Amino acid sequence: MATDELRTPLTTGSETGSSFIKACFNGTNAFLGIGLLTVPYALSRGGWLSLLLFLLIGLISFYTGILLKRCMDSSPYAKTYLNIAEQAYGKNGRITVSIIINSELYLVTVGLLILEADNLHKLFPNFSIHLFAMDGSRSFLILTAMLILPSMFFTDMSLLSYVSATGVASCLVIFASIFSVGAFGGVGFGYRGQELVNLGGLSTATSLYIVCFAGHPVIPSIYTSMKSQFHFTKVLLVSFFITILTYMATAIVAYLMYGATVESPITLNLPSNQVAGAIAIYTTLLIPITRYALMMSPVAASIEGALPQEYANSTHVRILIRIALLITTVVVAYVFPYYETLMAIIGSIFVVLGSFIIPCLCYLKIFRSRRRWGYETTAIILILIFSAAAAIIGTYSSILELFSSSE
(Lines give C-alpha, C1' and ligand atoms only; values in the text may rest on other atoms or scores of the structure.)
Protein backbone atom coordinates (compact mmCIF):
# COMPACT_ATOMS: atom_id res chain seq x y z
CA MET A 1 0.00 0.00 0.00
CA ALA A 2 1.28 3.45 -0.88
CA THR A 3 0.74 4.79 2.60
CA ASP A 4 3.57 2.61 3.85
CA GLU A 5 6.07 4.59 1.77
CA LEU A 6 5.95 7.38 4.33
CA ARG A 7 5.94 4.99 7.21
CA THR A 8 9.38 3.51 6.55
CA PRO A 9 12.08 4.69 8.95
CA LEU A 10 13.93 7.79 7.87
CA THR A 11 17.22 6.12 8.67
CA THR A 12 17.71 2.50 7.71
CA GLY A 13 20.52 0.14 8.35
CA SER A 14 22.48 -2.00 5.98
CA GLU A 15 21.18 -5.21 4.45
CA THR A 16 21.54 -6.79 7.85
CA GLY A 17 19.26 -4.20 9.46
CA SER A 18 19.35 -1.09 11.63
CA SER A 19 21.47 -0.95 14.74
CA PHE A 20 20.04 -0.30 18.20
CA ILE A 21 21.08 3.38 18.07
CA LYS A 22 19.60 3.94 14.60
CA ALA A 23 16.38 2.23 15.62
CA CYS A 24 16.16 4.50 18.69
CA PHE A 25 16.67 7.51 16.43
CA ASN A 26 13.94 6.32 14.08
CA GLY A 27 11.57 5.76 16.97
CA THR A 28 12.25 9.17 18.50
CA ASN A 29 11.88 10.85 15.11
CA ALA A 30 8.50 9.15 14.65
CA PHE A 31 7.02 10.62 17.84
CA LEU A 32 8.94 13.84 18.45
CA GLY A 33 7.43 16.39 16.08
CA ILE A 34 5.21 19.44 15.76
CA GLY A 35 3.37 18.41 18.93
CA LEU A 36 6.28 20.14 20.67
CA LEU A 37 4.84 23.50 19.58
CA THR A 38 1.40 22.90 21.09
CA VAL A 39 2.24 20.99 24.29
CA PRO A 40 2.93 24.21 26.30
CA TYR A 41 -0.51 25.51 25.30
CA ALA A 42 -2.01 22.16 26.31
CA LEU A 43 -0.42 22.49 29.76
CA SER A 44 -1.78 26.03 30.10
CA ARG A 45 -5.28 24.75 29.31
CA GLY A 46 -5.16 21.77 31.66
CA GLY A 47 -3.01 23.06 34.53
CA TRP A 48 -0.09 21.40 36.32
CA LEU A 49 -1.95 18.24 37.27
CA SER A 50 -2.69 17.56 33.60
CA LEU A 51 0.94 16.45 33.30
CA LEU A 52 -0.15 13.26 35.06
CA LEU A 53 -2.62 12.78 32.22
CA PHE A 54 0.21 13.34 29.73
CA LEU A 55 2.25 10.61 31.43
CA LEU A 56 -0.75 8.26 31.33
CA ILE A 57 -1.21 8.91 27.61
CA GLY A 58 2.50 8.25 27.05
CA LEU A 59 2.27 4.98 28.99
CA ILE A 60 -0.78 3.87 26.99
CA SER A 61 1.00 4.75 23.74
CA PHE A 62 4.01 2.67 24.75
CA TYR A 63 1.81 -0.29 25.62
CA THR A 64 -0.15 -0.15 22.35
CA GLY A 65 3.21 -0.09 20.55
CA ILE A 66 4.02 -3.38 22.29
CA LEU A 67 0.65 -4.75 21.14
CA LEU A 68 1.55 -3.92 17.54
CA LYS A 69 4.81 -5.84 17.96
CA ARG A 70 2.92 -8.89 19.18
CA CYS A 71 0.58 -8.64 16.19
CA MET A 72 3.60 -8.59 13.86
CA ASP A 73 5.07 -11.64 15.58
CA SER A 74 1.85 -13.56 15.02
CA SER A 75 2.28 -13.81 11.23
CA PRO A 76 5.04 -13.31 8.61
CA TYR A 77 2.50 -11.30 6.60
CA ALA A 78 1.77 -8.74 9.32
CA LYS A 79 4.85 -6.56 8.79
CA THR A 80 3.18 -3.21 8.11
CA TYR A 81 0.46 -1.27 9.91
CA LEU A 82 -2.01 -1.85 7.08
CA ASN A 83 -1.16 -5.55 6.88
CA ILE A 84 -1.90 -5.90 10.59
CA ALA A 85 -5.31 -4.31 10.02
CA GLU A 86 -5.95 -6.62 7.07
CA GLN A 87 -4.93 -9.72 9.02
CA ALA A 88 -7.35 -8.76 11.78
CA TYR A 89 -10.32 -7.44 9.79
CA GLY A 90 -9.70 -8.34 6.16
CA LYS A 91 -9.67 -6.03 3.17
CA ASN A 92 -12.31 -3.73 4.64
CA GLY A 93 -10.15 -3.25 7.71
CA ARG A 94 -7.19 -2.33 5.53
CA ILE A 95 -9.23 0.18 3.54
CA THR A 96 -10.70 1.74 6.68
CA VAL A 97 -7.32 2.16 8.34
CA SER A 98 -5.87 3.57 5.11
CA ILE A 99 -8.61 6.22 5.05
CA ILE A 100 -7.92 7.11 8.68
CA ILE A 101 -4.17 7.46 8.13
CA ASN A 102 -4.54 9.51 4.95
CA SER A 103 -7.13 11.79 6.54
CA GLU A 104 -4.77 12.42 9.44
CA LEU A 105 -1.90 13.20 7.07
CA TYR A 106 -4.09 15.55 5.03
CA LEU A 107 -5.13 17.54 8.10
CA VAL A 108 -1.56 17.62 9.41
CA THR A 109 -0.46 19.25 6.13
CA VAL A 110 -3.21 21.84 6.64
CA GLY A 111 -1.72 22.45 10.08
CA LEU A 112 1.75 22.85 8.54
CA LEU A 113 0.44 25.62 6.28
CA ILE A 114 -1.19 27.42 9.22
CA LEU A 115 1.98 27.02 11.28
CA GLU A 116 4.12 28.55 8.54
CA ALA A 117 1.71 31.43 7.91
CA ASP A 118 1.41 32.32 11.63
CA ASN A 119 5.17 32.39 12.15
CA LEU A 120 5.82 34.42 8.99
CA HIS A 121 3.15 36.88 10.11
CA LYS A 122 4.93 37.22 13.45
CA LEU A 123 8.19 38.04 11.67
CA PHE A 124 6.56 40.41 9.18
CA PRO A 125 3.40 41.73 10.87
CA ASN A 126 2.85 44.58 8.41
CA PHE A 127 2.86 42.41 5.30
CA SER A 128 -0.41 41.71 3.49
CA ILE A 129 -1.70 41.02 -0.01
CA HIS A 130 -4.40 43.57 -0.70
CA LEU A 131 -6.06 41.40 -3.34
CA PHE A 132 -9.40 40.15 -1.91
CA ALA A 133 -8.62 42.08 1.31
CA MET A 134 -6.52 39.24 2.78
CA ASP A 135 -5.00 39.84 6.20
CA GLY A 136 -1.36 39.11 7.05
CA SER A 137 -1.67 35.44 8.07
CA ARG A 138 -3.86 34.56 5.10
CA SER A 139 -1.51 36.40 2.77
CA PHE A 140 1.32 34.21 4.00
CA LEU A 141 -0.78 31.11 3.32
CA ILE A 142 -0.61 31.96 -0.37
CA LEU A 143 3.12 32.64 -0.23
CA THR A 144 3.73 29.41 1.69
CA ALA A 145 1.86 27.43 -0.96
CA MET A 146 4.04 29.04 -3.63
CA LEU A 147 7.18 28.04 -1.70
CA ILE A 148 5.95 24.46 -1.32
CA LEU A 149 4.72 24.14 -4.93
CA PRO A 150 8.11 23.16 -6.48
CA SER A 151 8.39 20.19 -4.09
CA MET A 152 5.06 18.87 -5.38
CA PHE A 153 6.71 18.16 -8.76
CA PHE A 154 8.86 15.45 -7.16
CA THR A 155 7.03 12.13 -7.10
CA ASP A 156 10.09 10.36 -5.63
CA MET A 157 10.11 11.28 -1.94
CA SER A 158 13.36 9.51 -0.97
CA LEU A 159 15.40 12.74 -0.92
CA LEU A 160 12.85 14.64 1.13
CA SER A 161 12.64 11.78 3.60
CA TYR A 162 16.28 12.33 4.54
CA VAL A 163 15.74 16.09 4.81
CA SER A 164 12.80 15.56 7.17
CA ALA A 165 14.98 13.31 9.34
CA THR A 166 16.28 16.54 10.86
CA GLY A 167 13.06 16.59 12.89
CA VAL A 168 14.68 15.45 16.16
CA ALA A 169 17.45 18.03 15.86
CA SER A 170 14.90 20.74 15.06
CA CYS A 171 12.89 19.92 18.17
CA LEU A 172 15.99 20.03 20.38
CA VAL A 173 17.00 23.38 18.86
CA ILE A 174 13.51 24.78 19.50
CA PHE A 175 13.59 23.63 23.14
CA ALA A 176 17.05 25.09 23.68
CA SER A 177 15.92 28.37 22.14
CA ILE A 178 12.82 28.58 24.35
CA PHE A 179 14.92 27.90 27.45
CA SER A 180 17.48 30.53 26.37
CA VAL A 181 14.75 33.15 25.96
CA GLY A 182 13.59 32.43 29.52
CA ALA A 183 17.06 32.26 31.06
CA PHE A 184 18.87 35.03 29.19
CA GLY A 185 16.22 37.01 27.32
CA GLY A 186 14.68 38.85 30.25
CA VAL A 187 11.48 36.75 30.39
CA GLY A 188 12.39 34.54 33.36
CA PHE A 189 10.53 31.59 34.80
CA GLY A 190 8.41 33.28 37.45
CA TYR A 191 5.17 34.07 35.64
CA ARG A 192 2.27 34.34 38.07
CA GLY A 193 -1.12 32.81 37.46
CA GLN A 194 -0.45 29.15 36.68
CA GLU A 195 -3.33 26.84 37.61
CA LEU A 196 -3.11 23.54 39.43
CA VAL A 197 -5.93 22.15 37.31
CA ASN A 198 -8.42 23.66 34.86
CA LEU A 199 -11.34 21.31 34.33
CA GLY A 200 -12.79 23.47 31.58
CA GLY A 201 -9.68 23.10 29.42
CA LEU A 202 -8.87 19.50 30.26
CA SER A 203 -10.53 18.03 27.16
CA THR A 204 -8.52 20.30 24.85
CA ALA A 205 -5.34 19.52 26.79
CA THR A 206 -6.01 15.79 26.44
CA SER A 207 -6.48 16.03 22.67
CA LEU A 208 -3.28 18.04 22.26
CA TYR A 209 -1.34 15.63 24.49
CA ILE A 210 -2.56 12.73 22.35
CA VAL A 211 -1.26 14.47 19.19
CA CYS A 212 2.25 14.09 20.62
CA PHE A 213 2.05 10.29 20.18
CA ALA A 214 0.91 10.02 16.57
CA GLY A 215 3.69 7.76 15.31
CA HIS A 216 2.23 4.27 15.67
CA PRO A 217 1.86 3.57 11.92
CA VAL A 218 5.69 3.88 11.78
CA ILE A 219 6.31 1.25 14.46
CA PRO A 220 6.08 -1.84 12.19
CA SER A 221 8.63 -0.36 9.77
CA ILE A 222 11.05 0.35 12.61
CA TYR A 223 10.60 -3.18 13.97
CA THR A 224 11.12 -4.92 10.62
CA SER A 225 14.19 -2.78 9.81
CA MET A 226 16.07 -3.73 13.00
CA LYS A 227 19.15 -5.93 12.94
CA SER A 228 18.24 -7.45 16.31
CA GLN A 229 14.45 -7.39 16.73
CA PHE A 230 14.86 -8.97 20.16
CA HIS A 231 15.78 -5.50 21.49
CA PHE A 232 12.70 -3.75 20.05
CA THR A 233 11.02 -3.26 23.43
CA LYS A 234 14.15 -1.49 24.69
CA VAL A 235 14.19 0.66 21.54
CA LEU A 236 10.57 1.64 22.11
CA LEU A 237 11.29 2.37 25.77
CA VAL A 238 14.27 4.62 24.96
CA SER A 239 12.32 6.41 22.21
CA PHE A 240 9.36 7.10 24.47
CA PHE A 241 11.59 8.20 27.34
CA ILE A 242 13.36 10.79 25.17
CA THR A 243 10.08 11.91 23.61
CA ILE A 244 8.21 12.29 26.90
CA LEU A 245 11.15 14.03 28.58
CA THR A 246 11.50 16.54 25.74
CA TYR A 247 7.78 17.28 25.56
CA MET A 248 7.43 17.71 29.32
CA ALA A 249 10.55 19.86 29.63
CA THR A 250 9.31 22.15 26.86
CA ALA A 251 5.83 22.40 28.35
CA ILE A 252 7.08 23.14 31.86
CA VAL A 253 9.67 25.73 30.79
CA ALA A 254 7.22 27.56 28.52
CA TYR A 255 4.43 27.50 31.12
CA LEU A 256 6.78 28.91 33.76
CA MET A 257 7.69 31.66 31.30
CA TYR A 258 4.26 32.69 30.02
CA GLY A 259 1.61 31.03 32.20
CA ALA A 260 -1.93 31.33 30.86
CA THR A 261 -0.73 33.61 28.05
CA VAL A 262 1.02 30.73 26.25
CA GLU A 263 0.01 30.69 22.61
CA SER A 264 -0.23 27.85 20.14
CA PRO A 265 2.26 27.47 18.60
CA ILE A 266 4.65 28.56 21.36
CA THR A 267 6.82 30.41 18.81
CA LEU A 268 4.19 33.17 18.71
CA ASN A 269 5.23 34.09 22.27
CA LEU A 270 8.95 34.29 21.53
CA PRO A 271 10.58 37.67 20.81
CA SER A 272 11.71 37.73 17.19
CA ASN A 273 14.22 40.52 17.91
CA GLN A 274 16.32 38.21 20.12
CA VAL A 275 18.74 35.66 18.70
CA ALA A 276 17.30 32.68 20.62
CA GLY A 277 13.71 33.57 19.72
CA ALA A 278 14.61 34.11 16.08
CA ILE A 279 16.41 30.74 15.93
CA ALA A 280 13.30 28.94 17.24
CA ILE A 281 11.02 30.75 14.80
CA TYR A 282 13.25 30.21 11.75
CA THR A 283 13.78 26.55 12.70
CA THR A 284 10.00 26.15 12.87
CA LEU A 285 9.69 27.76 9.44
CA LEU A 286 11.76 24.93 7.94
CA ILE A 287 9.37 22.21 9.16
CA PRO A 288 6.47 22.81 6.73
CA ILE A 289 8.78 23.37 3.76
CA THR A 290 10.68 20.11 4.32
CA ARG A 291 7.76 17.92 5.40
CA TYR A 292 4.69 19.00 3.44
CA ALA A 293 5.38 17.09 0.21
CA LEU A 294 6.59 14.01 2.09
CA MET A 295 3.45 13.84 4.23
CA MET A 296 1.13 14.50 1.29
CA SER A 297 2.76 11.83 -0.88
CA PRO A 298 0.86 8.82 0.61
CA VAL A 299 -2.45 10.69 0.21
CA ALA A 300 -1.67 11.37 -3.44
CA ALA A 301 -0.47 7.79 -3.96
CA SER A 302 -3.74 6.43 -2.54
CA ILE A 303 -5.71 8.53 -5.02
CA GLU A 304 -3.45 7.35 -7.85
CA GLY A 305 -4.07 3.76 -6.81
CA ALA A 306 -7.79 4.21 -7.42
CA LEU A 307 -7.27 5.47 -10.99
CA PRO A 308 -7.08 3.35 -14.16
CA GLN A 309 -3.55 2.12 -14.85
CA GLU A 310 -2.90 4.44 -17.80
CA TYR A 311 -3.65 7.49 -15.63
CA ALA A 312 -1.98 6.22 -12.46
CA ASN A 313 1.34 5.81 -14.30
CA SER A 314 1.20 9.24 -15.93
CA THR A 315 3.66 11.74 -14.44
CA HIS A 316 1.43 14.64 -15.47
CA VAL A 317 -1.58 13.14 -13.71
CA ARG A 318 0.45 12.48 -10.57
CA ILE A 319 1.70 16.08 -10.50
CA LEU A 320 -1.82 17.44 -11.09
CA ILE A 321 -3.14 15.36 -8.18
CA ARG A 322 -0.47 16.79 -5.87
CA ILE A 323 -1.12 20.36 -7.00
CA ALA A 324 -4.87 19.87 -6.49
CA LEU A 325 -4.24 18.56 -2.98
CA LEU A 326 -2.04 21.58 -2.23
CA ILE A 327 -4.80 23.93 -3.41
CA THR A 328 -7.45 22.21 -1.30
CA THR A 329 -5.29 22.35 1.84
CA VAL A 330 -4.72 26.07 1.27
CA VAL A 331 -8.47 26.58 1.00
CA VAL A 332 -9.12 24.66 4.24
CA ALA A 333 -6.36 26.57 6.05
CA TYR A 334 -7.72 29.86 4.68
CA VAL A 335 -11.26 29.17 5.92
CA PHE A 336 -10.24 27.68 9.31
CA PRO A 337 -6.83 29.14 10.29
CA TYR A 338 -6.94 27.90 13.89
CA TYR A 339 -3.84 25.82 14.54
CA GLU A 340 -4.47 24.63 18.11
CA THR A 341 -8.08 23.67 17.35
CA LEU A 342 -7.06 21.72 14.25
CA MET A 343 -4.38 19.86 16.22
CA ALA A 344 -6.94 19.04 18.92
CA ILE A 345 -9.32 17.60 16.31
CA ILE A 346 -6.51 15.51 14.81
CA GLY A 347 -5.64 14.19 18.27
CA SER A 348 -9.17 13.45 19.44
CA ILE A 349 -10.21 11.64 16.25
CA PHE A 350 -7.36 10.31 14.15
CA VAL A 351 -4.53 9.81 16.64
CA VAL A 352 -6.92 8.21 19.14
CA LEU A 353 -7.91 5.78 16.41
CA GLY A 354 -4.44 5.15 14.98
CA SER A 355 -2.45 4.99 18.22
CA PHE A 356 -4.94 3.59 20.74
CA ILE A 357 -8.10 2.01 19.38
CA ILE A 358 -6.85 0.23 16.23
CA PRO A 359 -3.84 -1.48 17.90
CA CYS A 360 -6.07 -2.71 20.73
CA LEU A 361 -8.83 -3.98 18.45
CA CYS A 362 -6.37 -5.69 16.10
CA TYR A 363 -4.63 -7.38 19.02
CA LEU A 364 -7.92 -8.61 20.48
CA LYS A 365 -9.06 -9.94 17.10
CA ILE A 366 -5.78 -11.64 16.11
CA PHE A 367 -5.39 -13.34 19.51
CA ARG A 368 -9.07 -13.98 20.15
CA SER A 369 -8.61 -17.76 20.20
CA ARG A 370 -5.94 -17.55 22.92
CA ARG A 371 -7.48 -14.70 24.88
CA ARG A 372 -8.65 -15.28 28.42
CA TRP A 373 -10.16 -12.68 30.67
CA GLY A 374 -7.34 -11.40 32.86
CA TYR A 375 -5.30 -8.36 33.75
CA GLU A 376 -4.20 -7.70 30.17
CA THR A 377 -7.67 -7.95 28.69
CA THR A 378 -8.99 -5.70 31.45
CA ALA A 379 -6.25 -3.15 30.73
CA ILE A 380 -7.06 -3.18 27.01
CA ILE A 381 -10.77 -2.69 27.70
CA LEU A 382 -9.95 0.25 29.99
CA ILE A 383 -7.75 1.76 27.26
CA LEU A 384 -10.61 1.44 24.77
CA ILE A 385 -13.02 3.11 27.20
CA PHE A 386 -10.56 5.95 27.87
CA SER A 387 -9.92 6.34 24.14
CA ALA A 388 -13.62 6.48 23.30
CA ALA A 389 -14.25 9.06 26.03
CA ALA A 390 -11.28 11.17 24.90
CA ALA A 391 -12.43 10.98 21.28
CA ILE A 392 -16.05 11.96 21.98
CA ILE A 393 -15.39 14.72 24.52
CA GLY A 394 -12.32 16.04 22.71
CA THR A 395 -14.02 16.16 19.32
CA TYR A 396 -17.10 17.88 20.76
CA SER A 397 -15.10 20.57 22.58
CA SER A 398 -12.75 21.09 19.60
CA ILE A 399 -15.63 21.56 17.17
CA LEU A 400 -17.26 24.03 19.56
CA GLU A 401 -14.00 25.99 19.74
CA LEU A 402 -13.65 25.88 15.98
CA PHE A 403 -17.06 27.39 15.35
CA SER A 404 -16.74 29.94 18.16
CA SER A 405 -13.37 31.04 16.73
CA SER A 406 -14.77 31.40 13.22
CA GLU A 407 -17.64 33.63 14.32
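Computed from a prediction, not measured in an experiment: that's the story for all the values here.

### Points about the overall build of the chain
Point 1. A tally of regular secondary structure across the chain gives 16 helices and 0 strands.
Point 2. Put simply, 81% of the contacts in the chain that link residues at least 6 apart link residues at least 24 apart.
Point 3. Total accessible area on the chain is roughly 17400 Å²; 69% of this is exposed by carbon and sulfur atoms.

### Description of the pattern of salt bridges
As a working rule, side chains carrying opposite charge can pair if their charged atoms are close by.
Point 1. Scanning the model with the defined rule gives 5 salt bridges in all.
Point 2. In this structure, the salt-bridge partner of Glu304 is Arg318, at a minimum N-O distance of 3.4 Å. Residue Glu304 is located in helix H12 (residues 275-305), and its partner Arg318 is located in helix H14 (residues 315-335); the two are separated by 14 residues in the primary sequence.

### Structural notes on helix H4 (residues 50-73)
Point 1. Compared with the 34 Å implied by 1.5 Å per residue over 24 residues, the 35 Å span of H4 between its first and last C-alpha is a close match.
Point 2. With respect to burial, H4 is a largely interior element, 17 of its 24 residues being buried.

### Quick word on unusual backbone geometry
Point 1. For the peptide bond that leads from Ser264 to Pro265, omega is 5°, which places it in the cis range.
Point 2. Among the structural elements, Pro265 can be located in the loop between helix H11 (232-258) and H12.

### Considering the side chain of Glu104
Point 1. Residue placement: Glu104 occurs in helix H5 (residues 81-123).
Point 2. Sequence-distant contacts of Glu104, that is, excluding residues within four places in its chain, are made with Ala214, Ile346, Phe350 and Val351.

### Details of H11
Point 1. Look at H11: 39 Å from first C-alpha to last across 27 residues, which is about the 39 Å you get at 1.5 Å a residue.
Point 2. Gly259 lies just past H11 and shows a positive phi near 60°.

### Focus: the side chain of Thr250
Point 1. Take Thr250: it is sitting in helix H11.
Point 2. The exposure class assigned to Thr250 is buried, which follows from its relative accessible area of 0%.
Point 3. Sequence-distant contacts of Thr250, that is, excluding residues within four places in its chain, are made with Leu36, Pro40, Phe175 and Ile178.

### Brief notes about the environment of Leu402
Point 1. Position of Leu402 relative to the elements: it lies in helix H16 (residues 375-406).
Point 2. Relative accessible area serves as the criterion here: at 15%, Leu402 is assigned to the buried category.
Point 3. Residues Leu402 and Tyr338 lie 64 residues apart in sequence; the distance between their C-alpha atoms is 7.3 Å.
Point 4. Beyond its immediate sequence surroundings of up to four residues, Leu402 is in contact with Phe336, Tyr338, Thr341 and Ile345.

### Structural notes on the nonpolar core
Point 1. Core analysis: the largest hydrophobic core is formed by 120 residues, its most contacted members being Ile34, Phe54, Ile84, Ile178, Tyr209, Phe213 and Met343.
Point 2. The element that contributes the greatest number of residues to this core is H5, accounting for 20 residues.
Point 3. With residues near it in sequence (within four places) discarded, Phe54 still touches Val39, Tyr209, Cys212, Phe213, Ile244, Tyr247 and Met248.

### Points about empty space enclosed by the protein
Point 1. The full count for this structure, using the stated rule, is 2 cavities of 30 Å³ or more.
Point 2. In this structure, the second largest cavity occupies an estimated 40 Å³ of space.
Point 3. Forming the boundary of the second largest cavity are Gly27, Phe31, Ile219, Ile222, Phe232, Val235, Leu236 and Ser239.
Point 4. When residues of the lining of the second largest cavity are traced back to their parent elements, those giving at least two are helix H2 (20-31), helix H10 (219-225) and H11.
Point 5. Its residues placed into classes, the lining of the second largest cavity shows 6 nonpolar, 2 polar and no charged.

### Some remarks on the packing of H4 against helix H15 (residues 339-366)
Point 1. Where H4 contacts H15, the two axes come as close as 9 Å, and the packing angle between them is 35°. Crossing of H4 against H15: the hand is left-handed. For the pair H4 and H15, the contacting residues are Ile57, Ile60, Ser61, Thr64, Leu67, Leu68, Arg70 and Cys71 in the first and Ser355, Phe356, Pro359, Cys360, Cys362, Tyr363 and Ile366 in the second.
Point 2. For the contact of H4 with H15, the class distribution of residues is 11 nonpolar, 3 polar and 1 charged.

### Things to note about the environment of Leu364
Point 1. With respect to the helices and strands, Leu364 occurs in helix H15.
Point 2. Linking Leu364 and Cys71, residues 293 residues apart in sequence, is a C-alpha distance of 9.5 Å.
Point 3. Dropping the residues within four chain positions of it, Leu364 is found in contact with Ile380 and Leu384.

Procedures and definitions
Residues numbered from 1 in each chain as written. Predicted model: local features only at pLDDT ≥ 70, side-chain atom pairs only at ≥ 80, totals over all residues. Heavy atoms only, no water. Helix = DSSP H or I, 4+ residues; strand = E, 2+ residues; numbered from the N terminus. Contact = heavy atoms within 4.5 Å. Areas by Shrake-Rupley, 256 points an atom, 1.4 Å probe, with all protein chains shown as cover. Salt bridge = Lys/Arg side-chain N within 4 Å of Asp/Glu carboxyl O. Expected span 1.5 Å × (residues − 1). Buried < 20%, exposed > 50% of the residue type's maximum accessible area, 1.4 Å probe, protein only. Core = buried A, V, L, I, M, F, W, Y, C linked by side-chain atoms within 4.5 Å. 1 Å grid on protein atoms, 1.4 Å probe; cavity = no way out; pocket = protein on both sides within 12 Å on 5 of 7 lines; lining within 4 Å. Points joined across faces, edges and corners; volume = space filled by probe spheres on them. Nonpolar A, V, L, I, M, F, W, Y, C, P; charged D, E, K, R; others polar. Axes fitted to C-alpha atoms, helices over the stretch in contact; angles between N-to-C directions. Left-handed = near helix turned anticlockwise from the far one by under 90°.

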